Amino acid sequence: MIMKELNYDDIINAKLDEKEAKELMEVIIEKLDYHSNLYYNEDNPEISDYDYDRIMKSLIYLEESFPKLKKADSPSSRVGGAVLSKFESYTHKNPMLSLSNVFSESEIRDFDKRVRSNCSGEVQYVVEFKIDGLSVGLTYEDGYLSVGATRGDGYIGENVTENIKTIKSIPIKIDEKRELIARGEVYISKESFEKINNYQEEHELATYANPRNLAAGSLRQLDSKLTAKRPLDIFIFNLENIEDLGLEYHSQSFEYMKSLGFTVSEDYKVCKKIDDVIEHINYWTEHRDKLGFDIDGMVIKVDSIEQREELGFTAKSPRWATAFKFPAEKKKTKLKDIEVEVGRTGTITPTAILEPVRLAGTTVARATLHNEDYINERDIRIGDMVIVQKAGEIIPQVVEVSKEDRTGEEKIFTMPTTCPVCGEETVRIEGESAVKCINISCPAQIRRGIIHFVSRDAMDIDGMGESIITMLLDKKIIEKMEDLYYMNPEELIPIKGMGEKSVENLMNSLEKSKSNELWRLINGLGIKFVGVKGAKQLAASYNNLDEIMNSKKEELVNIEDFGEVMSDSVVKFFQENKNIETIEKLRQAGLNFEANHNKYDDIAKIFDKMKIVLTGTLPTMKRNEAKELIEARGGKATSSVSKSTSFVLAGEEAGSKLEKAEKLGVSVIDEDTFKSMLDMNTQEEILDILNK
């Protein structure tokens, strides 16, 4: 029985046998493939999304009713499946190595000289985009997609197959029976990213930092249905087992991959001369903002597979390829105004309000101006045309003024003489660049102080974000940080956006925080000049908070890395009545004031004197958790990579620290390797792993 119209209600009410169901499913799949092609490839849909979803729902119903009939390449794979508790690790058959980097024309020419001097015959290159996304490997067996995995550390990644299948531009079935391993970059287009962030803003939700982070986060959702809702796309840029497929040139592989249904970059270029390579790179350095997706560089690859075999690999990367990284992107835009914000220590920070401009993957409308000196040194005025870039590709800042664009209508900015929040007089302390509000009861300082108190590096209270704190302050439920532990949950439940379950979770988080280690409380108190490291040193040097409160400057200066300034600050902090009152209220609430010096006594110091850098997002561990495990074993978690770094623990979105480690030859490990190290008893075992 084949229905003339694919009506969902008729299908679920029909009494079909297996043969009828099979015939109907074939018709439905053909129809879905037809409409999917019109929508995604020809941009010419004939039916509404609603009608398409109803047809898809019919297929899913039949597949659930007749599970044996479900095809491996069913269109229903695109909508997501079961929710996972975690991703399984996956060992890549062909290591997904990273590339060496070059940053200038002279370095490109040096790369060319090394290539030509180490292989025979004429050399030609393929130059292609370095897509700013998340690298994945796709394995096909007998014509079907069997595994989709993240790159991970290049050797072991995460199996995200169900999520990969939801990406419409990835074929689930191909016309190639031999094993095929393709590598691609998952990304989100600029247009889709803007739409998502606009939606977030309209619904007063947090916006995303850039398309790359959004793409990575979307692909790593444990619920593939959530991944399916994100407009992920992919460019395939390499056949990892090209030698097995009988192709002689990388450029041939692009046409081959296109014939199998993969999406590849159309703008790659084959170049016989290095001058042509440089010309192509220079063109896209200037015109990259015209692309519908973000690129952060260009990749240069030797085209000949035979020559690649001659050149071989280093331990970290192929000798036959390199990546040219674009210089930090700068854009000119108008500085419309300068606003100021009061921080938790009273520092008043100026921020540039800009005509929105797209920069390094995001739309920028605000940029830091640091302090009064920074503004004066660059003669930055309201109304100026300014040059903006992202410091470290993250924080937007104004770097210079385009003075030739001045009209005479620009206004000189001066820092406020009174606090914009509490109205008290501001001061600039001698020897400092910051203008400050010194009113300790200033609402802005109280708010920022509470935000710091609950933060991940302090009391680490889950569910207590900035918006919740602002709402609690606005409704007078809290006035100071200690009030958090005296809230009545019955007052919170009726508040819009809270609800019984979220309030219960919040109260549980607060209760859990009472047993935190002492250093977290010390850091949360916000003692000037005392950060995480100083808080840990104080907790390690005294038995409890009372001893610290009664400590003398002469004692404090003897603590490692504690100087006169930090010691003075600690003494003064615990002399202020306001701070003593806060501490007593926290004591009455039941917070832990005792140091636990014996916590790590029985743990082998396998990382003794090692300097370890953490970068990227680890699959299961919080960064603070990893730091604590390192320090408990005698290691030192540092923030920058150098020749003295023992190793780098890298997760997803590792970025520039990973690149620097590879450049310096510093060992890089993933979370699984790190976890295996934690079970070892000697540093020699650690060194054996790092030297492999």
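Residues numbered from 1 in each chain as written. Predicted model: local features only at pLDDT ≥ 70, side-chain atom pairs only at ≥ 80, totals over all residues. Heavy atoms only, no water.

1. Observations regarding the pattern of salt bridges
At step 1: With the rule as written, the count across this model stands at 33 salt bridges.
At step 2: Residues Asp379 and Arg381 are paired through a salt bridge, measuring 3.0 Å at the closest nitrogen-oxygen approach.
At step 3: The partly exposed category is assigned to Arg381, whose relative accessible area is 24%.
At step 4: Between Lys403 and Asp379 there is a salt bridge whose closest N-O contact spans 3.9 Å. Highlighted residues: Lys403 in the loop between β17 (395-401) and β18 (411-412) and Asp379 in the loop between α12 (372-377) and β15 (381-382), separated in sequence by 24 residues.
At step 5: A single salt-bridge network, built from bridges that share partners, covers Asp379, Arg381, Asp384, Lys403 and Arg406. (Salt bridge = Lys/Arg side-chain N within 4 Å of Asp/Glu carboxyl O. Buried < 20%, exposed > 50% of the residue type's maximum accessible area, 1.4 Å probe, protein only. Helix = DSSP H or I, 4+ residues; strand = E, 2+ residues; numbered from the N terminus.)

2. Regarding a negative patch on the surface
At step 1: A cluster of acidic residues, Glu243, Asp244, Glu248, Glu306, Glu309 and Glu310, forms a negative patch at the surface.
At step 2: Note on placement: Glu310 falls in helix α11 (residues 305-311). (Patch = residues over 30% accessible without salt bridge, like charges linked within 9 Å, V, L, I, M, F, W, Y side chains within 5 Å. Areas by Shrake-Rupley, 256 points an atom, 1.4 Å probe, with all protein chains shown as cover. Lys, Arg positive; Asp, Glu negative; His and termini not counted. Charge placed at Lys NZ, Arg CZ, Asp CG, Glu CD.)

3. So, the UniProt feature "binding site: Zn(2+)" (unreviewed entry) in the protein
At step 1: In the numbering used here, UniProt assigns the "binding site: Zn(2+)" (unreviewed entry) feature to Cys419, Cys422, Cys437 and Cys442. What stands out for the annotated residues spanning 24 residues is how close their C-alpha atoms remain, the widest pair being 8.6 Å apart.
At step 2: As for its position among the elements, Cys422 is in the loop between β18 and β19 (426-428).
At step 3: Cys422 gets classed as partly exposed once you look at its relative accessible area, which sits at 26%.
At step 4: Ignoring anything within four residues of it in the chain, the contact list for Cys422 reads Cys437, Asn439, Cys442 and Pro443. (UniProt positions renumbered as here; feature names shortened; annotations may be inferred. Contact = heavy atoms within 4.5 Å.)

4. Brief notes about the sheet that holds strand β24 (residues 668-669)
At step 1: One open sheet holds the 4 strands; their spatial order is β22-β21-β23-β24, and the pairing between them is parallel. What marks the edges here is a single partner per strand, and that holds for β22 (636-638) and β24.
At step 2: Of the strand pairs in this sheet, strand β23 (residues 647-650) and β24 are connected by 2 bridges, and their pairing is parallel. Paired with Leu649 across the strands is Ile669, a residue of β24. (Pairing = 2+ DSSP bridges.)

5. Focus on the UniProt feature "active site" (unreviewed entry) in the protein
At step 1: With numbering aligned to this structure, UniProt lists the feature "active site" (unreviewed entry) at Lys130.
At step 2: Looking at the element boundaries, Lys130 is found in strand β3 (residues 125-131).
At step 3: Once residues lying within four places of it in the same chain are set aside, the contact partners of Lys130 are Ile295, Asp296, Gly297, Met298, Val299, Ala323 and Lys325.

6. Section: the packing of helix α25 (residues 671-678) against helix α26 (residues 683-690)
At step 1: With their axes 10 Å apart at the nearest point, α25 and α26 run at an angle of 155° to one another. Taken together, the axis directions place α25 and α26 in an arrangement best described as roughly antiparallel. Between α25 and α26 the crossing geometry is right-handed. Mapping the contact onto sequence places Thr673, Ser676 and Met677 in α25 and Ile686, Ile689 and Leu690 in α26.
At step 2: A class-by-class count of the residues in the contact of α25 with α26 yields 4 nonpolar, 2 polar and no charged. (Axes fitted to C-alpha atoms, helices over the stretch in contact; angles between N-to-C directions. Parallel < 35°, antiparallel > 145°, perpendicular 65-115°, else oblique. Left-handed = near helix turned anticlockwise from the far one by under 90°. Nonpolar A, V, L, I, M, F, W, Y, C, P; charged D, E, K, R; others polar.)

7. What about the packing of aromatic side chains?
At step 1: Using the criterion set out here, one finds 15 aromatic pairs in the structure.
At step 2: Judged by centre distance (5.1 Å) and plane angle (10°), the ring pair of Tyr187 and Phe235 falls under stacked. Placement of the pair is Tyr187 in strand β7 (residues 180-187) and Phe235 in strand β8 (residues 233-239), with a sequence separation of 48 residues.
At step 3: With a relative accessible area of 10%, Phe235 lands in the buried category.
At step 4: A centroid spacing of 6.1 Å and a plane angle of 10° characterise the contact between Phe607 and Phe674, whose relative ring orientation is stacked. With Phe607 in the loop between α22 (577-589) and β21 (611-615) and Phe674 in helix α25, this residue pair connects regions lying 67 residues apart in the sequence.
At step 5: In this structure Phe607 comes out as buried when scored by relative accessible area, which is 0%.
At step 6: Owing to a relative accessible area of 0%, Phe674 belongs among the buried residues under this scheme.
At step 7: Here Arg308 stacks its cationic end above the ring of Trp320, 4.0 Å away from the centre of that ring.
At step 8: Residue placement shows Lys585 over the ring face of Tyr486; its charged tip is 4.4 Å from the ring centre. (Phe/Tyr/Trp six-rings, centres within 6.5 Å; stacked < 30°, edge-to-face > 60°. Lys NZ or Arg CZ within 6 Å of the ring centre and 35° of its normal.)

8. Let's talk about the side chain of Ser169
At step 1: You can see Ser169 is positioned in the loop between α5 (161-164) and β7.
At step 2: Relative accessible area serves as the criterion here: at 17%, Ser169 is assigned to the buried category.
At step 3: At 2.5 Å, the side chain of Ser169 forms a polar contact with the side chain of Asp233.
At step 4: Leave out the neighbours within four places in its chain, and Ser169 touches Asp233, Ile234, Gly261 and Thr263. (Polar contact = N/O pair within 3.5 Å; in protein donor to acceptor, adjacent residues only side chain to side chain.)

9. Remarks on the domain arrangement of the protein
At step 1: Entries for the protein in the domain assignment read domain 1 (8-78), domain 2 (100-325), domain 3 (328-405 + 428-438), domain 4 (443-589) and domain 5 (611-691).
At step 2: Using only C-alpha atoms to locate each centre, domain 4 and domain 5 end up separated by 30 Å.
At step 3: At the junction of the two partners, domain 4 supplies 8 residues and domain 5 supplies 5 residues.
At step 4: Together, the buried faces of domain 4 and domain 5 total about 540 Å²; carbon and sulfur atoms form 25% of this surface.
At step 5: Together, Arg456, Glu517 and Lys536 form the three largest contributors to the area buried by domain 4 at its contact with domain 5, with a combined 49%.
At step 6: The tally of links from domain 4 across to domain 5 stands at 1 salt bridge.
At step 7: Between Lys536 and Glu631 there is a salt bridge, with the nearest N and O atoms lying 2.6 Å from each other.
At step 8: Between domain 4 and domain 5 we count 1 residue pair in polar contact (both at pLDDT 80 or more) in total. (Domains from an automatic or database assignment. Buried area = accessible area lost by both parts, 1.4 Å probe.)

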